[in-house]
Amino acid sequence: MSFQKYLLLPQLLSYAVRAPRDPAKAWDRFWSGIRRTGNQGEVLWDTEDAREIEEVTKRVSSHFIPGLPVIDIGCGNGRFSRLLAARYSKVVGLDVSSHAIEKAREESAAIENLSFHVADISIPYALRWLTGELGEANVFMRGVLHVLDPKRRAIAVENMRGALGPRGVLYLSESSIDGDPLDHMVLQGATPTYLPEPMRKVVAAGVRPPSRFGDAEVREYFPGAAWEILESGPTVMYTLPLRTRDEIEALPSYFALARRRG
């Protein structure tokens, strides 16, 4: 990307001065303004794209331990929680935003083996209460680590390690765009005078910009002494249209399936 990406800064700073500094408050601010979800909605990453759903289903079916419950971390409005609930006997969706959890419960009201709770995965021992209730579990995470700072990211990984227990398997997928957060935004259609509306909502809420999370980051946060990587590699996550009116965007991403050692 060229130096022109820095021309985005004045626009971003104008939002930043009004945004909350607490990440949890930023996420709740974002979800409090959401009225529509899905392909015709307002949530940047909440598409119903069959290509990603098919790939995710194939990967988790190959590695998740049958019979164990599933924890969906950063569940948002429960899109993937509902997908998992159709295949596993018990699914628990967690999100830092109470407004996201309200939305997830509304959209999932008829599903009996699915529940939702507010929890901040980036706080130490955040899942201890749930681990005591569920025992070991499979863990699903889509697009969370790439918006956490390094300290919160390490805490989140340790919390997930505890939730897995001896047999549980973790699936994660994160954006993996070369460059810094400004490069990420330019790739998704931002200009010095314009932010696509789904992106603008996230920025205006004060959510931390995404950073690259690929193979190097997996090796850093899931070292071989503590983790066994079962499968990993490039993938694609899909977002709402950003550069055209109706074309779903393919976001370069990275996935990994892992379980703890010891």
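Within every chain, residues take consecutive numbers counted from 1 along the sequence as written. With the structure being a predicted model, the display of local features is reserved for residues of pLDDT at least 70 and the display and counting of side-chain atom pairs for 80 or more, all residues being used for whole-chain, interface and lining totals. Water and hydrogen atoms play no part in the side-chain values, which are based on all heavy atoms of the structure.

Draft legend 1. The nonpolar core, seen in detail. Throughout this description, the term nonpolar core refers to a set of buried Ala, Val, Leu, Ile, Met, Phe, Trp, Tyr and Cys residues connected via side-chain atoms within 4.5 Å. Classification of residues uses two cut-offs on accessible area relative to the type maximum, computed with a 1.4 Å probe and protein chains only: under 20% is buried, over 50% is exposed, and between them is partly exposed. Counting residues in each nonpolar core, the largest one holds 30 residues, and the members touching the most others are Ile-71, Leu-145, Met-160 and Phe-222. Here a helix means four or more residues in a row that DSSP labels H or I, a strand means two or more in a row labelled E, and each is numbered from the N terminus. When residues of this core are traced back to their parent elements, those giving at least two are β1 (70-73), β2 (91-95), α6 (128-134), β4 (138-142), α7 (150-164), β5 (170-175), α10 (215-221) and β7 (249-260). Per element, the largest residue contribution to this core is 5 residues, and it comes from α7. Note on contacts: a residue pair qualifies if any of its non-hydrogen atoms lie within 4.5 Å across the two residues. Contacts of Phe-222, omitting those with residues within four sequence positions, involve Leu-145, Val-157, Met-160, Leu-170, Leu-172, Phe-213, Glu-217, Trp-227 and Ile-229. Of all hydrophobic cores here, the second largest spans 20 residues; its members include Phe-80, Ala-85, Val-91 and Tyr-171.

Draft legend 2. Fine view of helix α3 (residues 50-63). Expected span, for any helix, means 1.5 Å times one less than how many residues it has. Taking 1.5 Å per residue, 14 residues should reach 20 Å; α3 reaches 20 Å between its end C-alpha atoms and fits that length. Burial in α3 covers these residues: Glu-52, Val-56, Thr-57, Arg-59 and Val-60. Tucked inside the fold, the buried residues of α3 contact α4 (79-85), β4, β5, β6 (227-239) and β7.

Draft legend 3. Seen up close, the sheet that holds β4. Between any two strands, at least two bridges found by DSSP are needed for them to pair. Taken together, 7 strands build an open sheet; the order of strands is β3-β2-β1-β4-β5-β7-β6 and the sheet is mixed. The outermost strands of the open sheet, each flanked by one partner alone, are β3 (114-118) and β6. Sheet twist, expressed as the mean angle between neighbouring strand axes with direction ignored, is 20°. Here β6 pairs with β7 via 12 bridges, running antiparallel. Note on method: axes are straight lines fitted to C-alpha atoms, helices fitted across the in-contact stretch only, with angles between N-to-C directions ranging 0 to 180 degrees.

Draft legend 4. Broad picture of the packing of helix α2 (residues 23-32) against helix α5 (residues 98-107). Where α2 meets α5, the axes come as close as 7 Å, and the angle between the chain directions of the two elements is 40°. Classified by the angle their axes make, α2 and α5 are oblique. Between α2 and α5, the residues in contact are Asp-28, Trp-31 and Ser-32 and Ser-98, His-99 and Ala-100, respectively. Residues that form the contact of α2 with α5 fall into these classes: 2 nonpolar, 3 polar and 1 charged. Should an angle lie under 35 degrees it is considered roughly parallel, over 145 roughly antiparallel, and from 65 to 115 roughly perpendicular; all remaining angles are considered oblique. Residue type decides the class: Asp, Glu, Lys and Arg count as charged, Ala, Val, Leu, Ile, Met, Phe, Trp, Tyr, Cys and Pro as nonpolar, and the leftover types, Gly among them, as polar.

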